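# Topology and contacts: notes
Here's the letter readout for the chains.
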Amino acid sequence: MRVSIVGADFEENLGVGMIAAAAEAAGHRVDIVPFAHPREVGRIARRIADAAPDVVGLSMQFQHRAYEFLQLARALRAVGFDGHITCGGQYPTLAWSEVLEQNEAVDSVVLHEGEHSFPELLDALSARRTLDDVAGLALRGPGGQALRTTGRALTHDLDALPFARRYRAHNRHVGVPFIPIMGSRGCWGSCAYCSITTFYRDARDYGGAKLLRHRSAENVAAEMALLWHQCGGRAVFCFHDDNFLLPKPDASLARLQEIRRWLDSYGVGEVAMIGKCRPECITPELAKAMRELGVIRVYVGIENVSEGGSLHLGRGKQTQHVDAALDACREANIFGCYNLLIFEPDATLDDVADNIAFIRRHPGHPVNFCRAEPYIATPLHERMADRDMLGGSYLGFDYRIEDDRTELLFRIAAAAFRQRNFATDGVHNRYMGLGYNVQLLQYFYAEHNPRRLARLSEVADELTCDIASETADLLEEALELARVIDLDDHDRVARETALLGLRVARADGVMQARLDAIYGELAKYSDAARQQNPDVTQPTSSFRRVLQRVAQSMALGALVAGGVTTMAACDDERPVPGDAKMESIVVDPAPVDAGRDFPVADPLPQDAGVDQRRDFPIADPAPSDASVDQRPDFPIADPAPSDASAHNMYQQSESPSQTLRAAVDVPIKKDLIDKWTDSSPRRAVRTSDLGLFDAPVVTLEADRDADGQAHVRLVGGPAAVTTRWQCEGRVEGEGREVLWVPESTSDHLTCAVRSDGGIAVVSLRAVDLPG
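Sequence order as written defines residue numbering, which begins from 1 separately in each chain. Per-residue local features are limited, in this predicted model, to residues with pLDDT of at least 70; the limit for side-chain atom pairs, both in listing and counting, is 80 or more; totals at the level of whole chains, interfaces and linings are taken over all residues. Calculated side-chain values reflect all of the structure's heavy atoms, with hydrogen atoms and water omitted.

## Regarding the environment of Q102
Mapped onto the secondary structure, Q102 falls in the loop between α5 (96–101) and β5 (108–110). Using a relative accessible area of 37% as the deciding quantity, one classes Q102 as partly exposed. Each C-alpha atom, one on Q102 and one on Y394, is 9.8 Å from the other, the two residues being 292 residues apart in sequence. Helix and strand definitions follow DSSP, with helices as H or I runs of at least four residues and strands as E runs of at least two, each counted in order from the N terminus. A 1.4 Å probe rolled over the protein chains alone gives each residue an accessible area, and that area as a share of the maximum for its type sets the label: buried under 20%, exposed over 50%, partly exposed in between.

In structure tokens:
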């Protein structure tokens, strides 16, 4: 069958590549369709309809984009696509009944891991057999009620799965191919907010499964070797394992060393690695060994350092490990970053203060802070449902923090820190990537000018410390405001929040200028080093030999499992055995540079919402002038869900419903990896007994005239707002439109906007002005 699989594409989508490889191994033809922004809905729907595949698969991994993918399904039906539409991923697996019963455009859900269920679904559709006999699906039954077919056990032998299809050029970070890879699946943790552990527990209960499975070191190294040689001999491998490390440090080291031994046997040279780990899994000795083996960046799952927060979020007694974990990374020269879920249902101001103190203790490690969200079916979601604390719908749930002053602090931070924390090119996203970029240059280009690079490293470290410390200071200002202010004085709450937001924006302007300067110097160093040591885009001379050897090893997999651990290299003239695992690697030409990329480290999306009652379907995916009502609010951890207002404790907004600008194609910036773009349609209105319950949704748009002056307009929000403009340079006018004359490209223009419901603070950089 002909299949179109749609998925996010800010970097190579590893999950989509794995499903595509499995479907192709079963004889089906797969086209992978990138979907990065909601404004692409109309164009993608028409592209797929014109291609007329038999089946469309929607890779809906995370809840915060569920609305967009379901819009796409409806847009496909609107343009006449009448084939089968299925979806899969963490979110629809856990929300299968809601997805099917409330979205007639979707025909089925592939539950849990799809490498077996999806090809069998395609086979059944091709043979016109009933889908009821395909294990691991959710379907719409009689009367529209959703049901699940027989459970399917998760794959025990991950080595038996085909390598992911590499469907496009790799991103490149300072000229080095950045390649996502998977070495294991599952997690032994029990974090209350985590959809990953919930996904695997559900799989265990439904079809039977081990919660943690690993590919063999040989199998991982074989795929890495193929990709490394195909890329020309350098690579950064980003392990998207839920846990890069094992519970015991000795076991982690043994596995990494075994992977390295196999890489050596394949003639693999410089390899950098990136992964995620729990803080209790890393020790100073392990960290030093990891660095020697090529690990340059680790995301450490700190999440919350207060005793209460760790307990509430199911993190166990990790507080004794969090300081040591970051110290171990720093001493080993591994770039370590982390996020803090400082807001959770039972958080207190003292808990927040504990987390601020932690930021101060570790200023050399970049951090973002956010709210823990009740992802559907997680223990946190179920616990809050039992306490009748949830608002929202299956598209995303909202809640009010139990303690009034902590809830108010959350709202203050939502307004004041929005752009610093979660703008794609905001201060936190940019500084999250600063140490990583230094690590890349140190690892791959240190010999070019060691003294110069050492100085740049010092500047980057100093700036990282300054930003982290400043964030702690500003957050502490918000904390003190929430601690002392009269909760009933909504007017003062709004005024003080606006003033704090303007201070944050002014601080952002200073830090952005410093970030511009250091990134500029890093780019100069990179350019000079790459002229001396040019990027290679052709496979190494050993690529064909390695390909043959790996193909032979896969054909002899049973013997390898039985104890054969060494194989002679194949002769260059021997034919390559036909193997779908191999074809997924070499089907495309060697990747070329996808653009210079100074990336960030796993920024978080915002807390953003969808009210399922509000204008959900796309009636016409043709171009439209209707704008997206993007309700920016406070960010959350992991990829975030959408909060919605379907519960009577949340007021319904009176603002007009909005429609996605379905067919307007907007260029997507590729200069940051793992970024999140603010694409939420409409978030819920919060309870009005506290201030800041319904922040205005506004953006700044600008045109530059022939004299270089910028005409800046405030777009969106209710008709009745008050504004306060702040800038470097000169600004003329007031209200919704001003004339801005910046003095340099580093200048900022900021507008604090106040409505009856709350505050929004939005900024524009001179460097981003058109023309």
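## Quick word on the environment of L349
Within the fold, L349 resides in helix α13 (residues 349–361). Through-space distance from the C-alpha of L349 to that of D403 is 8.6 Å; in sequence the pair is 54 residues apart. By the convention used here, residues are in contact when the closest approach between their heavy atoms is within 4.5 Å. Those residues in contact with L349 that sit more than four places away from it in its chain are R405, T406, L409, L479, A482 and R483.

## Some points on the pattern of salt bridges
Side chains carrying opposite charge are able to pair once their charged atoms draw close together. By convention in these notes, a salt bridge is any Lys or Arg side-chain nitrogen within 4 Å of a carboxyl oxygen on Asp or Glu. Taken as a whole, this structure holds 48 salt bridges when the rule is applied. Ionic pairing is found between R185 and E115, a salt bridge with its closest N-O pair at 2.5 Å. Taken together, the residues R185 in strand β10 (residues 184–186) and E115 in the loop between β5 and α6 (117–126) connect sequence positions 70 residues apart. Classification of E115 by relative accessible area gives buried; the value is 8%. Of the charged contacts in the structure, one is a salt bridge between K524 and E521, with a shortest N-O distance of 3.4 Å. With a gap of three residues between them, K524 and E521 both fall in helix α20 (residues 490–532), about one helical turn apart.

## Some points on the packing of aromatic side chains
In summary, the pairing rule links any two rings of Phe, Tyr or Trp, Trp by its six-membered ring, whose centres are within 6.5 Å, and it sorts them by plane angle into stacked for under 30 degrees, edge-to-face for over 60 and tilted for everything else. Taken as a whole and judged by the stated rule, the model has seven aromatic pairs. Ring geometry for F239 versus F244: centroids 5.1 Å apart, planes at 50 degrees, classification tilted. Each member of the pair F239 and F244 is classed as buried. On the numbers, 5.0 Å between centres and 80 degrees between planes, the contact of Y443 with F444 is edge-to-face. Residue Y443 is classed as partly exposed on the basis of its relative accessible area, which comes to 21%. What makes F444 buried here is its relative accessible area of 6%. Charge-over-ring placement is defined geometrically: NZ (Lys) or CZ (Arg) within 6 Å of the ring centre, and within 35 degrees of the ring normal. Over the ring of F35 we find R65, and its NZ or CZ is 4.7 Å from the ring centre. Over the ring of Y436 we find R297; its NZ or CZ atom is 5.0 Å from the centre of that ring.

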